[in-house]
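Spelled out, the chains give:
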Amino acid sequence: MLLSPASQWRTPAPERSASESSLRRSRNVHSCPRPGAAATPRRRRHIPARGPQPAAARSRPRPDGRDPRDPRGTPPRLLQEGAGHHLLEVMPTESGTCSAARQAKQKRKSHSLSIRRTNSSEQERTALPREMLEGQDSKLPSSVRSTLLELFGQIEREFENLYIENLELRREIETLNERLAAEGQAIDGAELSKGQLKTKASHSTSQLSQKLKTTYKASTSKIVSSFKTTTSRAVCQLVKEYIGHRDGIWDVSVARTQPVVLGTASADHTALLWSIETGRCLVKYSGHVGSVNSIKFHPSEQLALTASGDQTAHIWSYAVQLPTPQPIADTTQICGEDEVECSDKDEPDVDADVSSDCPTIRVPLTSLKSHQGVVIAADWLVGGKQAVTASWDRTANLFDVETAELVHSLTGHDQELTHCCTHPTQRLVVTSSRDTTFRLWDFRDPSIHSVNVFQGHTDTVTSAVFTVGDNVVSGSDDRTVKVWDLRNMRSPIATIRTDSAINRINVCVGQKIIALPHDNRQVRLFDMSGVRLARLPRSSRQGHRRMVCCSAWSEDHPMCNLFTCGFDRQAIGWSINIPALLQEK
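Since we're looking at a predicted model, the values are computed, not measured. (Residues numbered from 1 in each chain as written. Predicted model: local features only at pLDDT ≥ 70, side-chain atom pairs only at ≥ 80, totals over all residues. Heavy atoms only, no water.)

1. Quick notes on the overall build of the protein
- Along the backbone of the protein there are eight helices and 31 strands.
- With the model as given, the accessible surface of the protein reaches about 32800 Å², and the carbon-plus-sulfur share is 51%. (Helix = DSSP H or I, 4+ residues; strand = E, 2+ residues; numbered from the N terminus. Areas by Shrake-Rupley, 256 points an atom, 1.4 Å probe, with all protein chains shown as cover.)

2. Observations concerning the packing of aromatic side chains
- The full count for this structure, using the stated rule, is nine aromatic pairs.
- On the basis of an interplanar angle of 50° and a centroid distance of 6.3 Å, the ring pair of Tyr-242 and Phe-563 is categorised as tilted. Of this pair, Tyr-242 sits in strand 3 (residues 236-243) while Phe-563 is found in strand 30 (residues 562-566), placing the two residues 321 residues apart along the sequence.
- Overall, the relative accessible area of 0% leaves Tyr-242 in the buried class.
- Grouping aromatic residues by their ring pairs yields a cluster made of Tyr-285, Phe-297, Trp-316 and Tyr-318. (Phe/Tyr/Trp six-rings, centres within 6.5 Å; stacked < 30°, edge-to-face > 60°. Buried < 20%, exposed > 50% of the residue type's maximum accessible area, 1.4 Å probe, protein only.)

3. Observations regarding the UniProt feature "repeat: WD" (unreviewed entry) in the protein
- The positions that UniProt labels "repeat: WD" (unreviewed entry) are, in the present scheme, residues 242-284, 285-317, 368-409, 410-451 and 454-494.
- Structurally, residues 285-317 comprises 0% helix and 58% strand, and the distance from its first C-alpha atom to its last is 10 Å. (UniProt positions renumbered as here; feature names shortened; annotations may be inferred.)

4. A word on unusual backbone geometry
- For the bond from Gln-258 to Pro-259, the omega torsion is -5°, close enough to zero to count as cis.
- Mapped onto the elements of the fold, Pro-259 is located in the loop between strand 4 (249-254) and strand 5 (262-266).
- Even without glycine at this site, Arg-394 takes up a positive phi of about 75°.
- Note on placement: Arg-394 falls in the loop between strand 14 (386-391) and strand 15 (396-400).

5. Considering the environment of Thr-462
- Assignment of secondary structure puts Thr-462 in strand 21 (residues 461-466).
- Looking at Thr-462, the relative accessible area reads 11%, which means it is buried.
- Sequence separation of Thr-462 and Thr-437 is 25 residues, and the distance between their C-alpha atoms is 9.8 Å.
- Within the structure, Thr-462 has its side chain in polar contact with the backbone oxygen of Asn-503 (distance 3.5 Å). (Polar contact = N/O pair within 3.5 Å; in protein donor to acceptor, adjacent residues only side chain to side chain.)

6. Some details on the pairing of strand 7 (residues 281-285)
- Most of strand 7 sits out of view: five of its five residues are buried.
- Of the strand pairs in this sheet, strand 6 (residues 271-274) and strand 7 are connected by four bridges, and their pairing is antiparallel. Across the sheet, the residue bridging to Leu-272 is Lys-284, located in strand 7. (Pairing = 2+ DSSP bridges.)

7. Considering the nonpolar core
- In terms of nonpolar packing, the biggest core is built from 25 residues, with Phe-438, Phe-466, Val-473, Ile-514 and Leu-516 touching the most fellow members.
- Looking at this core, the elements with two or more residues in it are strand 18 (428-433), strand 19 (437-445), strand 21, strand 22 (471-476), strand 23 (480-485), strand 24 (494-497) and strand 26 (513-517).
- Among the elements that make up this core, the one with the highest residue count is strand 21 (four residues).
- For Phe-438, the residues in contact, after removing those within four places along its chain, are His-413, Val-430, Thr-431, Ser-432, Asn-452, Val-453, Phe-454, Val-461, Ala-464, Val-472, Ser-474 and Trp-484. (Core = buried A, V, L, I, M, F, W, Y, C linked by side-chain atoms within 4.5 Å. Contact = heavy atoms within 4.5 Å.)

8. Re the confidence of the model for the protein
- Summary statistics for the protein give a mean pLDDT of 76 and a share of 62% for residues scoring 70 or more.
- For the stretch residues 48-95, pLDDT sits under 50, and the model shows 68 contacts to residues farther than four places along the chain or on other chains. (pLDDT = per-residue confidence, 0-100.)

9. Side note on the pairing of strand 27 (residues 523-527)
- Here strand 27 lies mainly inside the structure; five of its five residues are buried.
- The alternating pattern of strand 27 places Val-523, Leu-525 and Asp-527 and Arg-524 and Phe-526 on opposite faces, both of which are buried.
- Both strand 26 and strand 27 contribute to a ladder of five bridges, which runs antiparallel. Paired with Pro-517 across the bridge in strand 27 is Val-523.
- Turn length for the strand 26-strand 27 hairpin, with the two strands adjacent in sequence and antiparallel, is five residues, and the turn residue Arg-521 shows positive phi of about 80°.
- The pairing of strand 27 with strand 28 (residues 532-535) spans three bridges and is antiparallel. Bridge pairing links Leu-525 to Ala-534 in strand 28.
- Two successive antiparallel strands, strand 27 and strand 28, enclose a turn made up of four residues, where Gly-530 displays a positive phi of approximately 95°.

10. A few points about empty space enclosed by the protein
- Per the counting criterion, the structure on display carries one cavity of 30 Å³ or more.
- Reported here for the largest cavity is a volume of approximately 40 Å³.
- Lining the largest cavity, in full, are Arg-521, Gln-522, Val-523, Leu-536, Pro-537, Arg-538, Gly-543, His-544 and Trp-574.
- Tallied by class, residues from the lining of the largest cavity come to four nonpolar, three polar and two charged. (1 Å grid on protein atoms, 1.4 Å probe; cavity = no way out; pocket = protein on both sides within 12 Å on 5 of 7 lines; lining within 4 Å. Points joined across faces, edges and corners; volume = space filled by probe spheres on them. Nonpolar A, V, L, I, M, F, W, Y, C, P; charged D, E, K, R; others polar.)

11. Re the layout of surface pockets
- Its boundaries defined by the atoms lining it, the largest pocket holds a volume of some 970 Å³.
- Lining the largest pocket are 38 residues, with Val-254, Arg-256, Asn-506, Val-509 and Trp-553 positioned closest to its centre.
- In terms of residue class, the lining of the largest pocket is made up of 22 nonpolar, nine polar and seven charged.

12. Some thoughts on the pattern of salt bridges
- Using the criterion set out here, one finds seven salt bridges in the structure.
- In this structure, the salt-bridge partner of Asp-251 is Lys-296, at a minimum N-O distance of 3.3 Å. Pair noted here: Asp-251 is in strand 4 and Lys-296 is in strand 8 (residues 292-297), with a separation of 45 residues, a long-range link. For the pair shown, Asp-251 and Lys-296 are each scored as buried. (Salt bridge = Lys/Arg side-chain N within 4 Å of Asp/Glu carboxyl O.)

13. Observations regarding the sheet that holds strand 28
- Across the sheet, which stays open at both edges, the four strands sit in the order 25-26-27-28 with antiparallel pairing between neighbours. Two strands bound the open sheet, and with one partner strand each, they are strand 25 (506-508) and strand 28. Each strand of the sheet is rotated relative to its neighbour by a mean of 25°, with strand direction disregarded.
- Pairing geometry for strand 25 and strand 26, over three bridges, is antiparallel. Among the inter-strand pairings, Asn-506 is bridged to a residue of strand 26, identified as Ala-515. (Axes fitted to C-alpha atoms, helices over the stretch in contact; angles between N-to-C directions.)

14. Comments concerning the sheet that holds strand 22
- In space, the four strands of this open sheet follow the order 21-22-23-24, with antiparallel pairing throughout. Edge positions in the open sheet fall to strand 21 and strand 24, since each of these has one partner strand only. Neighbour to neighbour, the strand axes of the sheet diverge by 15° on average, direction disregarded.
- Pairing analysis gives five bridges linking strand 22 to strand 23, with the strands arranged antiparallel. Note on strand 23: the bridge partner recorded for Val-473 is Val-483.

15. Points about the side chain of Asp-379
- One can find Asp-379 in strand 13 (residues 375-380).
- Arg-256 provides the closest opposite charge to the buried, salt-bridge-free Asp-379, at an N-O distance of 4.1 Å.
- Polar side-chain contacts of Asp-379 include one of 3.1 Å to the side chain of Thr-422.
- If sequence neighbours within four positions are ignored, Asp-379 has contacts with Arg-256, Lys-296, Leu-305, Ala-387, Val-388, Cys-420, Cys-421 and Thr-422. (Lys, Arg positive; Asp, Glu negative; His and termini not counted.)

Take a look at the structure:
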């Protein structure tokens, strides 16, 4: 049967009422011509290919009635015109059988091409990349280039195997779905509901998906590990372990004056001073009756400032004589991602009291008393004539060192304080709190004491420290570290996201490298822009075995330039090859 032009099929439309006309206009039906108007042939225009469109744009109907997803138009359909009259619109279309046959043919063709590519020889797969690399001018040594070619060849072979396994798993899923559908039609003469079939199919599909993910992870992890081991350098080396405390170590610090010693503050109510070179305990301070939470050295004198859970901070003097250094055992290990898990019970053997042979100080020079709660941290202001303390009573106090008098009480935090830090060259103090904020206190003008509040974390701010210049770096239990500009406090200039809570951080002043101690026993190094540089090695033989509480840089020391401590009752000295670390960046 031949279809006549649309104008021959059109009959005069009956008169419509005003309500029908308004209803037609409200529905915005523009695809039909006006009644009685001559029909013009519809022209197909070329629609240029465009990129991905928003969902709303893809689903919105076009004014001419065509499906926007199909540039060829839609199959013949009836368009409503008036009440009870219809217009047959003829659009170019194609047979559904031909379309299905063409799609099946394309599918078989693509499948045969993939199988043909999979069965190709290894020489054909690697010949083109090898020729391209050999033809290019490269500064890499030939051994490195050949290693890269081998690694890339391994990567290609692994992904081809994964692709084949993926095809097989998809076929298994289709077969399983067909079998479930057949079983659902007649099982003991009863039909299963769609919900039961869907549950069975989804369960089987999830198992196959999990199998695919496991295979992919196992196949690629070896390649990534070998690639990192080949291209990395030994930039992080464990040099010395300082073992002697009988409980977890909260804080670690390095003396600023000669002789340079290492100080640790522990929950065993003591603070110890160590020889960095030999690892021997030099001085033991036991004047506190509570956990020692912090230790800081005077900028120019042999004085130490410790904060304690007994609600006090002590200033005490020490005099040490460094022993003769001994040869250092080579414990080099490349920084990598692989680690060997060890039990939390694998802690250093401290049956022999290392600190029993060293001199013990029991009485402080000055005791700073004014807090009504645990003193969690303390630090010296520039010049060393004043000291600031932070407490769980939600206040920070500024003391005069000579008279032990309270100069200022800094209030404003809504919850307990967790840390305090002073600027190395200016009279600035930053305090951290569990109220998710940290505050900057300015004492440069004696008549005005301004305060600025930084809000950017969603959990406890565990520490905030100054860097050279106008930056502050803050770490939090929300697993982020943020770098701030003191001239613009509205938002951080860099954000580092990690997989574990962050404790007391420290910044290498000269190179601006941030050391992050984590709850998950890891120590990571980042630069100020948020680029990850390295992770300190940790295995069953070396590294921390429990939460790492604090980190401290000592840039000028020739043996160890980074120290960490944790609740495994040990402090560790590391040698970080900073030039090589920055070169790999």
